[in-house]
Amino acid sequence: MNSCIATVAQMDGSHIVTVEGIQNGSDLSPVQKAMRECHGSQCGFCTPGFVMALSGALEHHRALDEKTACNYLTGNLCRCTGYQPIIQAAIQAKAQDSHSVSKRYSKPAGIVDLLNHQKRSLKLVSEKATFFAPVLLEEALQFVAENSGVRVMGAATDIGVQLNKGKPLPQFLLSLHLISSLYEVEQLPDRFTIGARVTLSQLRRKIGKNQTEFARFLDLFASPQIKNVATLVGNIATGSPIGDTLPFLLVSEGEVCVAKWDLKRKEIVRRTIPFEKLYLGYRKLALEAGEVITHVTFKNPTQDEHLRIYKVSQRKDLDISTVSGAFNFKIQTSGKQKKIGQAKIALGGVAATPIRLSAIESQLTGKEITPELLSETALQIGQFVQPLSDLRGTAEYRRVLAQNLFKKYSLEVLSE
Ligand SMILES: Cc1cc2nc3c(=O)[nH]c(=O)nc-3n(C[C@H](O)[C@H](O)[C@H](O)COP(=O)(O)OP(=O)(O)OC[C@H]3O[C@@H](n4cnc5c(N)ncnc54)[C@H](O)[C@@H]3O)c2cc1C
């Protein structure tokens, strides 16, 4: 994980191993040795991060090939040595049990101590702020109901960046990390339900077989360090029009489950909001005062549905989208003729919120797929979207990207 955007309060109940702790006595760890031998280190800024990212990788693999090493290093930037010596070090380093962090530090008594710690709610009160991490959802919702302006924290990969940039600390912070029910992943034959504390890495592992396209797309999301902690619900709740998972949820019957504490009835009240109704404006969600998102659900594509998710950004890895899109069409084939049974199109980065293109979708339903229909639809998409210009792209560029994403889908799926 990236320590620079994490809050210390969220680390309660954790055992933290820093770069100082991976050397075993006077014996450098395999990664430290390889970094030295391959001349992979120069200045002290990035080297500890590279060493920790590769040490994390060797907890999961005995050895690394170039592709795996590069994936684990997605979030690490070097301005001195250049990447080649670091990648060579990654390939040269081999896991050794005597250096495995999980084997060296996982003493049963310590683990029992930490687990017991996690069964107790935590409240930190200072003059500036109150941080509360309860173990029960009920306590969390009561805290939100009783205090105004409570900021909910997922993993704080968004909030942490804002705090780093000098935004004031909210007076009330609520962390959900000790609430065990929010780590649930429910898999029904046709849909998944994902708890608010499920990380994107856990999500990627769970959905793999049933949601191959979404799983592939998650490989392009941020870096392993971010995905090891960041949540799907955090991506939804932050409400950015370029949040990567939102177009997918719009074409996959996504719904968010919210809960709040009813002060009069003294009980939890729950409701479900369909994804199409969730975003009311720029970063404005249809949540009522006191409501917290507990889960999100989405449908798996059926055999006749063709789901694709695309993202255009200035670099492939670890970059925010300029425009993103999700397309999910049902195609009916009879002989040589192919018809559109149902069309779902969602785009991000072309308006103040992620959008569904319902008018264009309904025009497509029942139509035979022809080259003319596809080029006409691409044109209509360009005319329909009203993007803004900003640092990442002009309105015109975004309009062309929106059209081109549909053309890509047409080439990959509809004209097959
Ligand atoms: C280096 C880096 C790379 C990134 N790359 C990407 C990327 O490729 N694509 C992308 O889309 N995003 C990216 N992000 C943004 C961020 O990581 C994601 O949006 C992530 O999913 C946020 O999850 P979180 O749990 O950290 O949310 P948090 O930061 O904890 O919360 C985000 C917002 O949601 C609210 N919130 C959280 N949980 C709840 C809840 N249960 N109920 C109500 N409100 C809630 C919070 O109050 C806050 O306003 C990146 C961020 C960084 C720092």
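For clarity, every value in this text was computed on a predicted model and none was experimentally measured.

Reading the values: the criteria
- Residues numbered from 1 in each chain as written.
- Predicted model: local features only at pLDDT ≥ 70, side-chain atom pairs only at ≥ 80, totals over all residues.
- Heavy atoms only, no water.
- Domains from an automatic or database assignment.
- Contact = heavy atoms within 4.5 Å.
- Buried area = accessible area lost by both parts, 1.4 Å probe.
- Salt bridge = Lys/Arg side-chain N within 4 Å of Asp/Glu carboxyl O.
- Polar contact = N/O pair within 3.5 Å; in protein donor to acceptor, adjacent residues only side chain to side chain.
- Nonpolar A, V, L, I, M, F, W, Y, C, P; charged D, E, K, R; others polar.
- Phe/Tyr/Trp six-rings, centres within 6.5 Å; stacked < 30°, edge-to-face > 60°.
- Helix = DSSP H or I, 4+ residues; strand = E, 2+ residues; numbered from the N terminus.
- Near = heavy atom within 4 Å.
- Areas by Shrake-Rupley, 256 points an atom, 1.4 Å probe, with all protein chains shown as cover.

Visitor: An account of the domain arrangement of the protein chain is requested, with residue identities and associated values reported.
Guide: Segmenting the protein chain into domains produces domain 1 (19–104), domain 2 (120–300) and domain 3 (305–414). The distance between the C-alpha centroids of domain 1 and domain 2 comes to 32 Å. Taken together, the six residues of domain 1 in the interface contact four residues of domain 2. When the two sides are added together, the surface that domain 1 and domain 2 hide from each other amounts to roughly 310 Å², 53% of it contributed by carbon and sulfur. Put simply, domain 1 and domain 2 have zero salt bridges between them. Between domain 1 and domain 2 we count one residue pair in polar contact (both at pLDDT 80 or more) in total. Residue composition of the side of domain 1 that touches domain 2, grouped by class: two nonpolar, four polar and no charged.

Visitor: So what about the packing of aromatic side chains? Which residues, and what values?
Guide: The description of an aromatic ring pair rests on the distance of the ring centres and on the angle between the ring planes. This structure, assessed with the given rule, holds 13 aromatic pairs. Taken together, a centroid distance of 6.3 Å and an interplanar angle of 65 degrees make the contact between F50 and Y83 edge-to-face. With a gap of 33 residues between them, F50 in helix α2 (residues 47–60) and Y83 in helix α4 (residues 83–92) connect regions that are remote in the sequence. An angle of 20 degrees between the planes, with centres 5.1 Å apart, marks the rings of F327 and Y409 as stacked. Of the two residues, F327 is situated in strand β13 (residues 323–334) and Y409 in helix α16 (residues 395–414); the sequence distance between them amounts to 82 residues.

Visitor: Please provide a residue-by-residue account of the site of the ligand, values included.
Guide: Residues in contact with the ligand amount to 30 residues; listed here are only the nearest, V152, G154, A156, T157 and T231. At 3.0 Å, a side-chain N or O of R151 approaches an oxygen atom of the ligand. The side chain of K311 places a nitrogen or oxygen atom 3.2 Å from an oxygen atom of the ligand. Protein coverage of the free-state accessible area of the ligand, which is 990 Å², stands at 88%. Elements with a minimum of two residues in the shell around the ligand: β3 (150–153), α8 (159–164), α12 (232–237) and β11 (292–299). It is α12 that contributes the most residues to the shell around the ligand, four residues altogether. Class assignment of the residues belonging to the shell around the ligand gives a composition of 18 nonpolar, seven polar and five charged. Mapping the shell around the ligand onto the domain boundaries places at least three of its residues in each of domain 2 (120–300) and domain 3 (305–414).

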